[in-house]
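# Coordinates in review
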Amino acid sequence: MQSRRKFIKTAAISSVALSLESFIGEPAKSYAKSIPNKPLVISTWKNGIAANDAAWKILSSGGRALDAVESGVRINEANPEDQSVGYGGRPDRDGVVTLDACIMDENSNIGAVAFLENIKHPISVARAVMEKTPHVILVGKGAFDFAIENGFEYQNLLTEKSKEQWYEWLKKSDYKPKANIENHDTIGMLALDSSGNLSGACTTSGLAYKMHGRVGDSPIIGAGLFVDNEIGAASATGHGEEVIRIAGSHTVVELMRQGRSPLESCEEAVKRIVKSLNKRGKNIADYQVAFIAVNKNGEYGAFAIQKGFNYAIYSNHGNNLSDSKYLI
Ligand code: ASP
């Protein structure tokens, strides 16, 4: 048991660290080193606020980061107004909603589904892949059959609203995913629980009007999500092809391993994407990619190619939306 003196000392140091955090808006590095900022959950885009609420219920009662991220992102998967995730997601160019998701825990257990149709909660199917199969990724019909066998229900995911928008798109059939609007609300969520363990989840219906069969970064461990419980975790949103090209989330975590802060690591990964776009003669203004990251101490950061990306962070100071730093 903790002695009374030690308890008072720890409580006093904690309150200094916490008030410092509220003063400068981000965890103070030197304090965070010895007193981790936990529990904590961070997720992409403003829809992350509602997802964080659900995750926080688990984290604040001492629950596991893995359970928190799964239940957090399920909120977005079920929300038809979130048109980049789960039910109500925008379809591919053939009018089919296809879902990608992955999950990773503190022991490097991983599970993913890709090109999955007619199942509302791909993240829970990904978790079932992780826990009930000898594999790490199931795709398409195989993933669907596995989901049905494991008690998930068939559901038509194409809402009237998404169908109307697709009809409208078909008039020109012009595939140009635009930065920040219309097709970048994938939710990537990272959590640090009160035991100090990290987990992450990422789920999406992918880029709107993609080719049938296209899989993005979101279900690819190392691209859309990566967790190393000794170091930190990262997740991505935006043009998945660019994230995959640099193994984005793994790159962010490796940069943190080399001693960079979460913010610096996200920035460096974004710069590598920009370098690769430049090399291929692409117009950077047409692309958006953003990373979020958290380290073992609960320091966090985010960085995007372009202005307009935001992320939600829930710590002991409440659930807040922050604008990400960006390159251009
Ligand atoms: N990264 C996702 C994909 O490429 C899209 C997104 O972030 O909304 O499928």
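Structure's up top.
A short tour of the structure in this document, coming up. (Residues numbered from 1 in each chain as written. Predicted model: local features only at pLDDT ≥ 70, side-chain atom pairs only at ≥ 80, totals over all residues. Heavy atoms only, no water.)

## A closer look at the sheet that holds strand E7 (residues 225–228)
What counts is decided by this rule: Pairing between two strands is assigned when DSSP locates at least 2 bridges connecting them. Here a helix means four or more residues in a row that DSSP labels H or I, a strand means two or more in a row labelled E, and each is numbered from the N terminus. The contact definition used throughout considers only heavy atoms, calling two residues in contact when any of these lie within 4.5 Å. Note on definitions: angles span 0 to 180 degrees between N-to-C directions of axes, and those axes are lines fitted to C-alpha atoms, for helices only across the stretch in contact.
Taken in spatial order, the five strands of this open sheet run E7-E8-E9-E10-E13, and their pairing is mixed. This sheet does not close on itself; its edge strands, each paired only once, are E7 and strand E13 (325–326). Sheet topology places strand E9 (residues 289–295) next to strand E10 (residues 300–304); five bridges connect them, and they run antiparallel. Paired with Phe291 across the two strands is Phe303, which belongs to E10. Packed onto the sheet, helix H9 (residues 248–257) meets E7, strand E8 (232–238) and E9 and runs at close to 145 degrees relative to E8.

## Concerning the sheet that holds strand E5 (residues 187–192)
Strand order in the open sheet made by the eight strands is E4-E3-E2-E6-E5-E1-E11-E12, with mixed pairing throughout. The two strands at the open ends of the sheet, each matched to only one other strand, are strand E4 (137–139) and strand E12 (318–323). When the angles between neighbouring strand axes are averaged without regard to direction, this sheet yields 10 degrees. Two elements, strand E2 (residues 99–104) and strand E3 (residues 110–116), share five bridges in a ladder whose sense is antiparallel. If you follow Ala101 over to E3, its bridge partner there is Val113. Against the sheet, helix H6 (residues 140–149) makes contact with E3 and E4, and its axis sits at roughly 105 degrees relative to E4, the strand it touches most.

## Quick look at a nonpolar patch on the surface
What counts here: Patches here are clusters of residues that have more than 30% relative accessible area and form no salt bridge, with a 9 Å joining cutoff for like charges and a 5 Å cutoff for nonpolar side chains (Val, Leu, Ile, Met, Phe, Trp, Tyr). To be clear on the numbers: accessible area is Shrake-Rupley with a 1.4 Å probe, and residue cover counts the displayed protein chains and nothing else. Definition used for salt bridges: Asp or Glu carboxyl oxygen within 4 Å of a side-chain nitrogen of Lys or Arg. When accessible area is computed with a 1.4 Å probe and restricted to protein chains, residues below 20% of their type maximum are described as buried, those above 50% as exposed, and intermediate ones as partly exposed.
A contiguous nonpolar patch, built from Val136, Ile137 and Val139 and spanning about 240 Å² of accessible area, is present on the exposed surface. Looking at the secondary structure, you find Val139 in strand E4. When its relative accessible area of 48% is taken as the criterion, Val139 is described as partly exposed.

## Details of the side chain of Ser324
In this fold, Ser324 is placed in the loop between E12 and E13. Those residues in contact with Ser324 that sit more than four places away from it in its chain are Ala302, Phe303, Ala304, Phe309, Asn310 and Tyr311.

## As for the packing of helix H5 (residues 122–132) against H6
Condition: Oblique is the label for any angle not under 35 degrees, not over 145, and not in the 65 to 115 range, which are roughly parallel, roughly antiparallel and roughly perpendicular in turn. Throughout this entry, Asp, Glu, Lys and Arg are counted as charged residues, while Ala, Val, Leu, Ile, Met, Phe, Trp, Tyr, Cys and Pro are counted as nonpolar. The remaining residues, Gly among them, count as polar.
Contact geometry of H5 with H6 gives a least axis separation of 10 Å together with a crossing angle of 85 degrees. Looking at the two axes, H5 sits roughly perpendicular to H6. Here Val125, Ala128 and Val129 of H5 come into contact with H6, specifically with Ala143, Phe146 and Ala147. Classifying every residue of the contact of H5 with H6 gives six nonpolar, no polar and no charged.

## Thoughts on the pairing of E9
Counting buried positions along E9 gives seven out of seven residues, so the element sits mostly inside the fold. Neither face of E9 is open: one carries Val289, Phe291, Ala293 and Asn295, the other Ala290, Ile292 and Val294, and all of them are buried. Bridge count between E8 and E9: seven bridges; the pairing is antiparallel. Within E9, the residue paired with Gly238 across the bridge is Val289.

## Re the pattern of salt bridges
Evaluation of the coordinates by the stated rule reveals 17 salt bridges. Note that Glu70 and Arg127 form a salt bridge whose closest N and O atoms lie 2.9 Å from each other. In this pair, Glu70 is assigned in helix H4 (residues 65–78) and Arg127 in helix H5, connecting sequence segments 57 residues apart. Across the pair, exposure class does not vary: Glu70 and Arg127 are buried alike. When the shortest N-O distance is used, the salt bridge between Arg272 and Glu268 registers 3.2 Å. Pair noted here: Arg272 and Glu268 are both in helix H10 (residues 262–279), with a separation of four residues, about one helical turn. Among the residues examined, Arg272 registers a relative accessible area of 36% and is labelled partly exposed. Within this structure, Asp67, Glu70, Arg127 and Glu131 form a network of salt bridges that share partners.

## Brief notes about unusual backbone geometry
Following Lys38, the chain continues into Pro39 via a peptide bond in cis, with omega recorded as -10 degrees. As for its position among the elements, Pro39 is in the loop between helix H2 (29–34) and strand E1 (40–44). A positive phi angle, close to 65 degrees, is found at Trp45, a residue other than glycine. You can see Trp45 is positioned in the loop between E1 and helix H3 (48–59). Residue Trp45 is classed as buried on the basis of its relative accessible area of 6%. Even without glycine at this site, Phe115 takes up a positive phi of about 55 degrees. Along the polypeptide, Phe115 turns up in strand E3. On the accessibility criterion, Phe115 (22% relative accessible area) is partly exposed.

## Remarks on the site of the ligand
For the record, the criterion: Nearness is judged by heavy atoms alone; a residue qualifies as near a molecule or strand once a single heavy atom is within 4 Å of it. Polar contacts, as used here, are pairs of N or O atoms within 3.5 Å; protein pairs need one atom able to donate a hydrogen and one able to accept it. Residues neighboring in sequence count only if both atoms are side-chain atoms.
Lining the immediate surroundings of the ligand are 12 residues, of which Thr186, Arg214, Asp217, Thr237 and Gly238 lie closest. In this structure, Gly240 approaches the ligand through a main-chain N or O atom, which is 2.9 Å from an oxygen atom. Compared with its free state, where it exposes 270 Å², the ligand has 100% of that area covered by protein. Classifying every residue of the shell around the ligand gives one nonpolar, eight polar and three charged.

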